[in-house]
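# Secondary and tertiary structure notes
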Amino acid sequence: MIQTIRGFRDILPEDTVLWQAIEKTASNLFEDFGFQEIRIPIMEKTELFARSIGETTDIVEKEMYTFPDRKGDKLTLRPEATASVVRSYIQHNMGSSDPVQKLYTIGPMFRRERPQKGRYRQFYQINAEVFGISSPYIDAQLILILNELFKRLGLSELDAHINSLGCRECRPDFQKELLIFLNGKKEHLCENCLRRMDKNPLRTLDCKVPSCREALVDAPSTLGHLCSGCSDHFETVKSVLKEQSVDFTVDKTLVRGLDYYSRTTFEILTTALGAQSAVAGGGRYDALIKELDGPETYGIGFAIGLDRLADIVAQMINDIKMKKAENTDRPEGTEDIPKNASDFFRLVSVKSPDLFIIPLGEKAARLAYMWSSELNIARIRTETDYSGRSLKSLMKRADKLNAAYVLIAGDQEIEDNALVLRDMKTKEQYFVTAENPVEQIETLLNRV
Ligand code: ATP
Ligand code: MG
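Please read these numbers as outputs of a predicted model, since none were measured by experiment.

A few words on a nonpolar patch on the surface. Together, Ile 42, Met 43 and Phe 67 give the surface a local cluster of nonpolar side chains, amounting to about 230 Å² of exposed area. Inspection of the secondary structure assignment puts Phe 67 in strand β3 (residues 65-68). Under the relative-accessibility criterion, Phe 67 is labelled partly exposed at 33%.

Here it is in structure tokens:
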């Protein structure tokens, strides 16, 4: 049997309901904030990622799926979306009509990492990018949007970590000081850090090797070296978040795994999936657009890890169900749906058929096919069955599918011009005539 490649997986129908509900909730939210969707290719020239993400990052050094195509061009499956969205902004000269563009995109990314829970080689991201705004208000607003998305999904206790990495003005001074510090710690640093430190000392701060982390506890931080512009910018971000009651922690170690960031960076961390991991991350990239041969324009954005987000939301829904099961005397439909999340819970609720038609006999099967198609077109979720099995076993199937109504349409009932429509909950029965039951069923079902 042929199976999926290691680190790749199917998202099965039992999960896509949840995924679609999350995607819809996110896109509605983005549109409430004036974002428009953009769809970008999943493959680009390797150079785009190498130049933007940075040659000495983990992603570019060892995680990209890169291969030559038949003509020898070097291509890469996108490991992230920002580079492609920036390329698109430049290529289509989007800034010429209005430098301010707010874009979102949802889709798969590819990184050849070690697969484990919450870490795949094909994974999915929800991305938002804003171009043309230098104001710190937009930095705060992106974090507010993440906060609001979590609320609309019914999640609480999100932990936003924020930091500022400074800019072209103040970073060089900081890097000099960091390099002096690193030189004094050389015997504790891993090979990777030693190799990268001269070219890109900031990367050492993102190293996950425990001995490096320990050695770098007292490393100088960008926050101690911000120029007045960066410092004012960061202060405004923090004060606006406070005023809007968005919880955050300043985390001077948060440098992120991509080179293009400047000023504000942020990550949303969660312990919901065991060890602490990031469910979203982002930041400002004011120099990137120019670096990719575009105009001098500001940029900022974030990426949400959809695989991890779906796991967290599934767990939250499970917890609610468990709580409800413990509290059995509560009437049905009164589970503790978190405030602001009712739209999401409506989207995620299981959709069972409105009607199941049970045909008994040759003639009945053909009519059941005709009627069910017409009802489907009339937006009534109708199922039927062509297996020719008995009434008893088809009633069982209707039960299993949790159909609200059953229509018993045997050859005999058709001849008698009296079909039985049964409400599966109340057990009430209605008769509908066999000439054109569709209209009668529509009326009956739409009435309730
Ligand atoms: P991590 O520190 O977990 O490796 P990252 O900093 O590399 O994350 P980003 O590039 O910031 O990740 O991507 C944003 C989000 O995408 C992450 O917060 C995470 O939720 C998700 N993500 C990243 N890599 C993977 C992966 N291999 N599998 C599943 N989700 C991922
Ligand atoms: Mg990573």
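A word on the packing of aromatic side chains. In this description, an aromatic ring pair is defined by two values, namely the gap between the centres and the angle between the planes. The final tally for this structure, using the stated rule, is twelve aromatic pairs. Among the aromatic residues, ring-to-ring pairing joins Tyr 89, Phe 131, Tyr 260, Tyr 261 and Tyr 285 into one connected group.

As assigned here, the chain comprises domain 1 (13-170 + 226-315) and domain 2 (355-447). Computed over C-alpha atoms, the centres of domain 1 and domain 2 are 50 Å apart.

So, on to the site of ligand 1. In the region of ligand 1, 14 residues are neighbours, and Arg 111, Glu 113, Tyr 120, Arg 256 and Ala 278 sit closest. Within the side chain of Gln 125, a nitrogen or oxygen atom sits 3.0 Å from an oxygen atom of ligand 1. In the model, an oxygen atom of ligand 1 is placed 3.4 Å from a nitrogen or oxygen of the Val 279 main chain. Alone, ligand 1 offers 580 Å² of accessible surface; in the complex the protein occludes 89% of this. For the shell around ligand 1, the secondary structure elements donating two or more residues are β6 (122-131), β10 (277-284) and β11 (299-305). A total of three residues in the shell around ligand 1 trace back to one element, the largest contributor, which is β10.

To continue, consider the layout of surface pockets. Empty space within the second largest pocket amounts to approximately 1200 Å³. Around the second largest pocket, the lining is made up of 35 residues, and of these Lys 321, Val 348, Ser 349, Val 350 and Lys 351 lie nearest the centre. Residue assignment for the lining of the second largest pocket shows that the elements contributing at least two residues are α1 (13-32), α11 (306-326) and α12 (342-348). Per-element accounting of the lining of the second largest pocket gives the leading share, eight residues, to α1. Residues of the lining of the second largest pocket, tallied by class, amount to 16 nonpolar, six polar and 13 charged.

Let us now look at unusual backbone geometry. In this model, Asn 402 sits at a positive phi of 65°, which is unusual for a non-glycine residue. Mapped onto the secondary structure, Asn 402 falls in the loop between α14 (391-400) and β14 (405-410). Take Asn 402: its relative accessible area is 51%, and that puts it in the exposed class. Not every positive phi belongs to a glycine, and Lys 427 is a case in point at roughly 70°. You can see Lys 427 is positioned in the loop between β15 (419-423) and β16 (429-432).

Bringing helix α2 (residues 46-53) into the picture now. Of all eight residues in α2, six are buried, a share of seventy percent or more. Residues of α2 that are buried include every one of Thr 46, Leu 48, Phe 49, Ala 50, Ser 52 and Ile 53, and no others. Those residues of α2 that are buried are in contact with β2 (43-45), α3 (58-63), β3, β4 (74-77), α4 (82-91) and α10 (288-291). The positive-phi residue at the C-terminal boundary of α2 is Gly 54, with phi of around 115°.

What follows deals with the sheet that holds β11. Strand pairing in a sheet relies on backbone hydrogen bonds. The paired strands run either parallel or antiparallel. Read from one edge of the open sheet, eight strands run β1-β5-β6-β11-β10-β9-β7-β8, paired in mixed fashion. Looking at strand neighbours, the two that pair on one side only are β1 (36-37) and β8 (248-250), the edges of this open sheet. Across six bridges, strand β7 (residues 159-164) lies against strand β9 (residues 262-270) in antiparallel orientation. Looking at the pairing, Asn 163 lines up with Thr 265 of β9.

Checked against the element boundaries, Glu 113 lands in the loop between β5 (101-110) and β6. Not counting chain neighbours up to four residues away, the residues in contact with Glu 113 comprise Glu 63, Arg 119 and Arg 121.

Pairing of β2 with β4 involves three bridges; the strand directions are antiparallel. Among the inter-strand pairings, Met 43 is bridged to a residue of β4, identified as Leu 77. Hairpin connection of β3 to β4: five residues between the antiparallel strands, including Gly 72 at a positive phi of 95°.

As a further point, take the sheet that holds β2. Here we have three strands laid out as an open sheet, ordered β2-β4-β3, and antiparallel in their pairing. Every other strand in the sheet has two partners, leaving β2 and β3 as the edge strands with one partner each. Between one strand axis and the next, the sheet turns by 30° as a mean value, whatever way the strands run. Pairing geometry for β3 and β4, over four bridges, is antiparallel. By the bridge assignment for β4, Tyr 65 is matched with Leu 77. Packed on one face of the sheet, α2 meets β2, β3 and β4 and runs near 75° to β2.

What counts, and where the lines are drawn
Residues numbered from 1 in each chain as written. Chains lettered and ligands numbered in written order. Predicted model: local features only at pLDDT ≥ 70, side-chain atom pairs only at ≥ 80, totals over all residues. Heavy atoms only, no water. Patch = residues over 30% accessible without salt bridge, like charges linked within 9 Å, V, L, I, M, F, W, Y side chains within 5 Å. Areas by Shrake-Rupley, 256 points an atom, 1.4 Å probe, with all protein chains shown as cover. Salt bridge = Lys/Arg side-chain N within 4 Å of Asp/Glu carboxyl O. Helix = DSSP H or I, 4+ residues; strand = E, 2+ residues; numbered from the N terminus. Buried < 20%, exposed > 50% of the residue type's maximum accessible area, 1.4 Å probe, protein only. Phe/Tyr/Trp six-rings, centres within 6.5 Å; stacked < 30°, edge-to-face > 60°. Domains from an automatic or database assignment. Near = heavy atom within 4 Å. Polar contact = N/O pair within 3.5 Å; in protein donor to acceptor, adjacent residues only side chain to side chain. 1 Å grid on protein atoms, 1.4 Å probe; cavity = no way out; pocket = protein on both sides within 12 Å on 5 of 7 lines; lining within 4 Å. Points joined across faces, edges and corners; volume = space filled by probe spheres on them. Nonpolar A, V, L, I, M, F, W, Y, C, P; charged D, E, K, R; others polar. Contact = heavy atoms within 4.5 Å. Pairing = 2+ DSSP bridges. Axes fitted to C-alpha atoms, helices over the stretch in contact; angles between N-to-C directions.

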